[in-house]
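Examination of the molecular architecture
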Amino acid sequence: MKIGIQHGTKLEGERMFTPKFVMVCMGSLLFSASFNMLIPELPAYLSSLGGAEYIGLIIALFTLTAGVSRPFSGILTDTIGRKPVMLFGAFVCLICGFFYPILTSVSGFLLLRLAHGFSTGFTPTAASTFVSDVVPHKRLGEAMGIHGIAFSTGMAIGPALGSFIKLHFSYDVLFYSSSAMALLALLLIFNLKETLPQRKEFNWSLLKVSRKDIIAPEAMPAAIVNFLAYIGFGVVLTLIPDWTEAVGFTNKGMFFIVFTISSLLVRVVAGKLSDRHGRIKVIMVGVILLIFAQFWMGYINTPTGLMVGAGIYGLAMGVATPAIYAWTIDLSLPGQKGKAMATMYIAMEAGIGLGALLSGWYYQESISRIPHTFYASAILALIGVVYILFRKGKIAN
């Protein structure tokens, strides 16, 4: 028996590039740039406050609240609407940017990072669900790919813009610029028309979450594959800076530049292929490429070899991610797409966090151990392939 059904919102015609779709993509780009433009400068800023030993918490606290808030964002997306949830996340980014210059103690900064994480716990869940509402279902994979490009573009230009602002101005200007970017995203989202047909008024009782509200069981196949795939990404985020330096690179960002470009180039094509040939086939190709890339990065320890590995890794994530997102919507129950997307995002953040935690614990500043972590993450991704093959007759394609 297959889990889940394919469903979508009825639209006039088969157009994908409607004003709604373009505006939500632009909103996601600006939202992503807003919080990512702070990332490269926050370690030095925290050190200047006297909290150098807490640098590891900059991402950890942000990710913690993002993960904790996912169940709430999923429920609210399916009840009060996509638009209010997107607005809330953008509003958190807007407010936090103004508070960084005010809360100048180490404890105040860490508290603010904890609060800032609510932004990514809310907006991406609702935005992905909104996309599924406003595009023809037969082009859902393609649409998820394009929306992913918008979000990833914000991730790419945000840090570069943030470093430029800090270099020529100051930390305060950087924080205010982050708020300005969030304000632009908020204005775009505000002008969107709600797509949830039957909305409820917000009530605090909606935030009373039970165990059955946290996870959408029907979306678990996609969530499990996503979890196993993103463990490796946590390893990459944690160890690639040291690994690039060890193999001879002075610019630690080169890996991520190549990774991002190759990922962006393939997303639309991969999304289209998943619409035509099924999500499972495309996900399998992406995860197999992921396995190969991680073995390659561990085995080839030259600058050129690592850049080739970055390109293959980017292709793998660019192929698999849009198909996994679209598959999550396919598996979702009617009226519970937000809950399904929240489940998928929880799995993603759990994978990143576990990969970062375990690889950091094993690494202990011993370069010779880094290849072992890549091999281990490749084996975990292989388990994802085995899971898909084992469950092939039981899960919707």
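Residues numbered from 1 in each chain as written. Predicted model: local features only at pLDDT ≥ 70, side-chain atom pairs only at ≥ 80, totals over all residues. Heavy atoms only, no water.

**Topic: the overall build of the protein**
Helices and strands together make up the secondary structure of the protein, namely 14 helices and zero strands. Put simply, the protein runs from its N terminus to its C terminus through helices and strands in the order α-α-α-α-α-α-α-α-α-α-α-α-α-α. Scaling as 2.2 N^0.38, a compact globule of 397 residues should have a C-alpha radius of gyration of about 21 Å, and the protein matches this with 20 Å. Along the longest, intermediate and shortest principal axes, the C-alpha atoms of the protein span 50 × 50 × 40 Å. Expressed as a percentage of its 397 residues, the buried residues of the protein come to 55%. For the protein, long-range pairs separated by at least 24 residues make up 87% of all intrachain contacts whose partners lie at least 6 apart in sequence. Counting only carbon and sulfur atoms, one obtains 70% of the accessible surface of the protein, whose full area is about 17,100 Å². For the protein, the separation between the mean place of its 29 positive charges and that of its 18 negative charges on side chains is 9 Å. (Helix = DSSP H or I, 4+ residues; strand = E, 2+ residues; numbered from the N terminus. Rg over C-alpha atoms; globule rule 2.2 N^0.38 Å. Buried < 20%, exposed > 50% of the residue type's maximum accessible area, 1.4 Å probe, protein only. Contact = heavy atoms within 4.5 Å. Areas by Shrake-Rupley, 256 points an atom, 1.4 Å probe, with all protein chains shown as cover. Lys, Arg positive; Asp, Glu negative; His and termini not counted. Charge placed at Lys NZ, Arg CZ, Asp CG, Glu CD.)

**Section: the packing of helix H4 (residues 82-99) against helix H7 (residues 171-190)**
Interhelical geometry of H4 versus H7 gives an angle of 160° and a closest axis separation of 7 Å. Compared by their axis directions, H4 and H7 come out roughly antiparallel. Of the two possible hands of crossing, H4 and H7 adopt the one that is left-handed. Residues Lys 83, Met 86, Leu 87, Ala 90, Phe 91, Cys 93, Leu 94, Gly 97 and Phe 98 of H4 form the contact with H7, whose participating residues are Phe 175, Tyr 176, Ser 179, Ala 182, Leu 183, Leu 186, Ile 189 and Phe 190. Of the residues that constitute the contact of H4 with H7, the class distribution is 14 nonpolar, two polar and one charged. (Axes fitted to C-alpha atoms, helices over the stretch in contact; angles between N-to-C directions. Parallel < 35°, antiparallel > 145°, perpendicular 65-115°, else oblique. Left-handed = near helix turned anticlockwise from the far one by under 90°. Nonpolar A, V, L, I, M, F, W, Y, C, P; charged D, E, K, R; others polar.)

**Regarding the environment of Met 144**
Inspection of the secondary structure assignment puts Met 144 in helix H6 (residues 140-168). It is 16 Å that separates the C-alpha atoms of Met 144 and Met 348, two residues lying 204 residues apart in sequence. Setting aside its immediate chain neighbours within four residues, Met 144 contacts Ser 128, Val 131, Ser 132, Pro 322, Tyr 325, Ala 326 and Ile 329.

**Things to note about the packing of aromatic side chains**
All chains considered together, the criterion is met by 19 aromatic pairs. A centroid spacing of 5.7 Å and a plane angle of 40° characterise the contact between Phe 98 and Tyr 176, whose relative ring orientation is tilted. Residue Phe 98 is found in helix H4, and its partner Tyr 176 is found in helix H7; the two are separated by 78 residues along the sequence. Using a relative accessible area of 37% as the deciding quantity, one classes Tyr 176 as partly exposed. (Phe/Tyr/Trp six-rings, centres within 6.5 Å; stacked < 30°, edge-to-face > 60°.)

**Quick notes on the confidence of the model for the protein**
Overall, the predicted model of the protein reaches an average pLDDT of 85, with 92% of residues at or above 70. Counting interchain partners and residues more than four positions distant, the pLDDT-below-50 stretch residues 1-12 has 35 contacts. (pLDDT = per-residue confidence, 0-100.)

**What to know about helix H12 (residues 303-331)**
Here H12 spans 41 Å end to end across 29 residues, near enough to the 42 Å set by a 1.5 Å rise per residue. Within H12, 25 of the 29 residues are buried, which leaves the element mostly enclosed by the surrounding structure. (Expected span 1.5 Å × (residues − 1).)

**Here we look at the pattern of salt bridges**
Here the structure, examined in full by the defined rule, presents eight salt bridges. Among the salt bridges present, the one from Asp 133 reaches Arg 82, with a minimum N-O distance of 2.7 Å. On the criterion of sequence distance, the pair formed by Asp 133 in helix H5 (residues 106-134) and Arg 82 in helix H4 is long-range, its members being 51 residues apart. Between Arg 279 and Asp 330 there is a salt bridge; the shortest N-O distance is 2.7 Å. On the criterion of sequence distance, the pair formed by Arg 279 in helix H11 (residues 279-299) and Asp 330 in helix H12 is long-range, its members being 51 residues apart. For Arg 279, a relative accessible area of 4% translates into the label buried. By relative accessible area, Asp 330 is classed as buried at 0%. Taken together, the shared-partner salt bridges connect Asp 78, Arg 82, Asp 133 and Lys 337 into one network. (Salt bridge = Lys/Arg side-chain N within 4 Å of Asp/Glu carboxyl O.)

**Quick notes on the side chain of Ser 179**
Checked against the element boundaries, Ser 179 lands in helix H7. In contact with Ser 179, not counting residues within four places along its chain, are Cys 93, Leu 94, Gly 97 and Phe 98.

**Describing the state of the cysteines**
Counted under the stated rule, the structure contains zero disulfides. Not part of a disulfide, Cys 25 finds its nearest cysteine sulfur in Cys 93, a span of 18 Å. No disulfide involves Cys 93; its sulfur sits 6.9 Å from that of Cys 96, the nearest cysteine. (Disulfide = S-S within 2.5 Å.)

**Re the packing of H6 against helix H10 (residues 254-277)**
For any two helices packed against each other, one specifies the crossing angle of their axes together with the interaxial distance. At their nearest, the axes of H6 and H10 sit 6 Å apart, and the two run at 165° to each other. Accordingly, the angle class assigned to the pair H6 and H10 is roughly antiparallel. Crossing hand, H6 versus H10: right-handed. Across the interface between the two elements, Leu 140, Gly 141, Glu 142, Gly 145, Ile 146, Gly 148, Ile 149, Ser 152, Thr 153 and Ala 156 from H6 touch Thr 260, Leu 264, Arg 267, Val 268, Gly 271, Lys 272, Ser 274 and Asp 275 from H10.

**Quick look at the nonpolar core**
Counting residues in each nonpolar core, the largest one holds 110 residues, and the members touching the most others are Phe 21, Phe 255 and Tyr 313. In terms of residue count, H12 provides more of this core than any other element does, 16 residues in total. (Core = buried A, V, L, I, M, F, W, Y, C linked by side-chain atoms within 4.5 Å.)

**Here's the deal with the environment of Leu 167**
Position of Leu 167 among the secondary structure elements: in helix H6. The exposure class of Leu 167 is exposed, given its relative accessible area of 66%. Sequence separation of Leu 167 and Leu 358 is 191 residues, and the distance between their C-alpha atoms is 34 Å.

**Section: a nonpolar patch on the surface**
A surface patch of nonpolar side chains, amounting to about 560 Å² of accessible area, comprises Phe 91, Ile 95, Phe 98, Phe 99, Ile 102 and Tyr 176. With four residues, the top contributor of residues to the nonpolar patch is H4. (Patch = residues over 30% accessible without salt bridge, like charges linked within 9 Å, V, L, I, M, F, W, Y side chains within 5 Å.)

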